[in-house]
Amino acid sequence: MGQTSPCWSSIPLFVCLLLAGAFLGTRGADINSPLMGTWLSDASAANSSAIPYWEQVQATLSCDSTYQCEWSMLWGSDSTSWYLWNTTLAFGIPSYKPVTSRLFPENIWIGVEMKANTTSTFYASWGDDKLNSLLIEEKSFLRGSQGTVQYNMFHNFTYSGETNTVRYSTVMTVNSYVYSLWYLMRPTTPIQRETTQPIPTIEWQGKPVDRNILKSRAPRQPEKFQQSNNYYWMQMVDEWTIDGSLPEQAFTIGLQGLANRDIPQLYLVYGPNYKYIYSQDVFNYYVDERGFNFTFIGSNEEALKLFIDSVAGYVIWDKNIRESLVVAFTFAGLYDAVIVTEDMLDLVQNAGLKLLFDFRGLFTGMSDLDIYTWAYNQYWSYTNKEMMVWMGGPCGNEMVPGIADWGVKSRMFFSDLSTRVTSPEYALSQQMLFELDATPVIFGWHNYCKDLEREYTTLISSTGGWVHGLAEMPDVSFMNMIPLKDGMVFKNNPNPDIDLLATDVYITQMQTDGMGIGAWNKEGRGDIPCAWEVNSDDSWIQPTLLEFFFSQATSNDYMVNSLSGPGYLYPKASPSEDFPILLELAVSYMEELDLHSMSVMDDSEGSTVTGNQDLTPEIVNDYFTYMPNAFGYANGYTATFTFAQSSTTGAPFVSYDYYVDPDRTEEDVVSDLQLLAAVNSKRPYFMVMHVRETNSINRIEQIVNALGPDFHLVPFDSYFRALAQNPTFETHYKDGLNA
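Calculation notes
- Residue positions are counted from 1 within each chain, in the order its sequence is given.
- Local features are withheld for residues below a pLDDT of 70 in this predicted model, meaning they are given only at 70 or higher, and side-chain atom pairs are given and counted only at 80 or more; totals for whole chains, interfaces and linings count all residues.
- The side-chain numbers reported here are obtained from all heavy atoms of the structure, hydrogens and water having been left aside.
- Secondary structure counts use DSSP, requiring at least four H or I residues in a row for a helix and at least two E residues in a row for a strand, with both numbered from the N terminus.
- Contacts are assigned to residue pairs that have any heavy atoms within 4.5 Å of one another.
- Working definition: with a 1.4 Å probe on protein chains only, accessible area under 20% of the residue-type maximum means buried, over 50% means exposed, and in between means partly exposed.
- Residues belong to one nonpolar core when they are buried, are Ala, Val, Leu, Ile, Met, Phe, Trp, Tyr or Cys, and are joined through side-chain atoms within 4.5 Å.
- At least two DSSP bridges between two strands are needed for those strands to be called paired.
- Here, axes are lines fitted to C-alpha atoms. For helices the fit covers the stretch in contact, and angles between N-to-C directions go from 0 to 180 degrees.
- Working rule for helices: expected span equals 1.5 Å times residues minus one.

Remarks on the environment of Leu546
Mapped onto the elements of the fold, Leu546 is located in helix H15 (residues 543-552). Residues Leu546 and Leu593, spaced 47 residues apart in sequence, show a C-alpha to C-alpha distance of 8.8 Å. Among residues more than four places away in sequence, those in contact with Leu546 are Phe490, Val534, Asn535, Asp538, Ser539 and Leu593.

Thoughts on unusual backbone geometry
The residue after Gly469, namely Leu470, is reached through a cis peptide bond having omega 10°. When you line up the elements, Leu470 lands in the loop between strand S21 (466-468) and helix H12 (476-479). With an omega dihedral of 5°, the bond running from Ser562 to Leu563 counts as a cis peptide bond. Even without being a glycine, Asp336 presents a positive backbone phi close to 55°. Among the structural elements, Asp336 can be located in the loop between helix H6 (323-335) and strand S16 (337-340). Exposure remark for Asp336: the relative accessible area of 23% places this residue in the partly exposed category. Positive phi, close to 60°, is recorded for Asp594, a residue that is not glycine.

Considering the nonpolar core
Counting 222 residues, the largest nonpolar core has Trp71, Trp126, Phe157, Tyr286, Val338, Tyr623 and Tyr658 as the members making the most contacts within it. It is helix H16 (residues 579-593) that contributes the most residues to this core, nine residues altogether. If near-sequence neighbours (up to four positions away) are discounted, Phe157 is found in contact with Leu35, Ala59, Trp71, Met73, Asn132, Ser133, Leu134, Ile136, Val166, Arg167 and Tyr168. Grouped together as the second largest cluster of nonpolar side chains are 19 residues, Tyr558, Ala634, Phe643 and Val654 included.

A short note on the sheet that holds S16
One open sheet accounts for three strands, arranged S16-S15-S17; its pairing is parallel. The sheet is open, and its two borders are formed by S16 and strand S17 (355-358), each paired with just one other strand. Neighbouring strand axes in the sheet, compared pairwise and without regard to direction, differ in orientation by 25° on average. One ladder, built from four bridges, connects strand S15 (residues 313-316) with S16; its direction is parallel. Within S16, the position partnered with Tyr314 by the bridge is Val338.

What about helix H18 (residues 666-679)?
An ideal rise of 1.5 Å per residue puts 20 Å on 14 residues; H18 measures up with 20 Å between its terminal C-alpha atoms. Inspection of H18 places Val669, Val670, Asp672, Leu673, Leu675, Leu676, Ala677, Ala678 and Val679 among the buried residues, and these make up the whole buried set.

Points about the sheet that holds S21
Spatially, the four strands line up as an open sheet ordered S19-S18-S20-S21, and their pairing is parallel. Unpaired on one side and paired on the other, strand S19 (414-415) and S21 mark the two borders of the sheet. Relative to S21, strand S20 (residues 441-447) is paired through three bridges, and the arrangement is parallel. Pairing of Val441 across the sheet is with Trp466, part of S21. Sheet strands touched by helix H11 (residues 453-462): strand S18 (387-393), S20 and S21. Its angle to S20, the strand with the most contacts, is close to 155°.

Shown next, in the form of structure tokens:
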């Protein structure tokens, strides 16, 4: 917690610092403190504080003979963003620094930001005659969801000659709550990093938007068809390398798309470690609840014999050129081809199939851009213009093309180009997206070796489209064709009003991605109230998947539409003329699924953590206007700061106050939440907590129980009704501070 002094017990610390600084300042000698230099936090130090998100922090101190010091803190590592903070310290007099960034770097997960248009004040002093200890008192202003609050933070750098280390500790006080951190730091060479990056702007080239698109994308059920109730299934394995099982499994997935083109026939059960954890469970649901009869197929040879009437021939991809497989998926959908490597020729030749195309050697020496330019010129005009596949995700020697069955079935174009604005591949990515029909749906995911989720989603949103990820998503070609069971009506799980106590704190939690790749199947679901994101466009893409989830839901599971529209998009990047139509589409899906609230996220302005996820008044008003029956909205990913209330319906539009980092200890999460309750001192205080999918329900229950009797975890819908009647938040929209 830093060193103490008898002086501090009788008069304010900053006065002591001024006196000490004034005394030391009369000596007139050059400063020769062992603290001068650059120090890097040691994450392995026993009992030191965790550094949320950044992983490490670097402190640099340089001083001159006038007793002025330059103090900087560089937060971040090669695997995160970078954030540089610096100021000048004067001894004997206060120093001032205008707030130019909203970030509160000491803990990026909590819902506080530095208050714009304010000034921080610093009082600095040496703690001893040997200059082994530097004491700094900081007075600054934070914004929480309820408005602005002042805090004091005491920084203490203490040098140990015995270990040549520095102990850096901070003690923050806000509304009488004390929040302490400390780090052991070791000498290092200064890290030089670009800490800010320009945000690219995308020029909207225009595309006619016809409201008839609402009809073509409306919720719809698969047509009833004559079926024998005799389906087939195959077992996949958890190995996806080019030199391993990928060629065989790519063949299976492509064949699945062809076999399921007209009627559902083939379901694939993926391995126990697959990204989407529901594959086996949905299969069991079809058998146990729907009465489906599945016959096991043990090999690709057997599968090809069964579905040979769906196949016109074969295409050979080049194992030396990974992108040739992506192009082969496009070819397979257009020409009803199965996909093989040269090692698999006996399989197709023994079946009597003819060669339709051979990609071996064709792309040797070509860049990815050249390969996809060739594919665009050859195939683009013949492919589906409502949808396409981005065959990204795992990269290098690996590909996990779970979504490829759907792309083959629907004759989509497959791409794996970069969506990074500085990449030479960007222009072709943008061109293809602009040439799709209005409000296109892009399946798959970005390439982890080429760009970022936010870059991918920003570009797609800018063309009026939305994302339906991931690349691993399995069995869509089968589930798209299965009608809902007779009499199936989607029903949410409404909850009663809260018996509100005016002195307490109310928390509601949102599990994002939890239904597909997270905590839905883990122990504890149903024990406590939890909101779950639902991809509402699955009402027409794979309706029986939603049937499965809704049938499993308990009274504590509440469904919320995601993400930002009819699918995953960024409102600030979406063309303003398209956005109302996208919201109307979302409403049609929500009505089908009995959904009455929306989760919103926008990373189009920088990093998920350090960018600006806040929204403009115009965008928030669009939600209120075009979704008049929604009772509330939860915005952000990490803590975000857009808060408003509809003047017509009273629906609150609020942001996450906290992000539960799966790697943060339960003790630290409890401390963070108590700090938020101190910053937001009005009662009742309402907090929306973002729970990432790798957190278990049991873990959240333990955290809430440790908070004490004044904290209550409540259902999502009950929370928003209570908040609408007691809006203790302060209205706030996007401001000028991006980072």
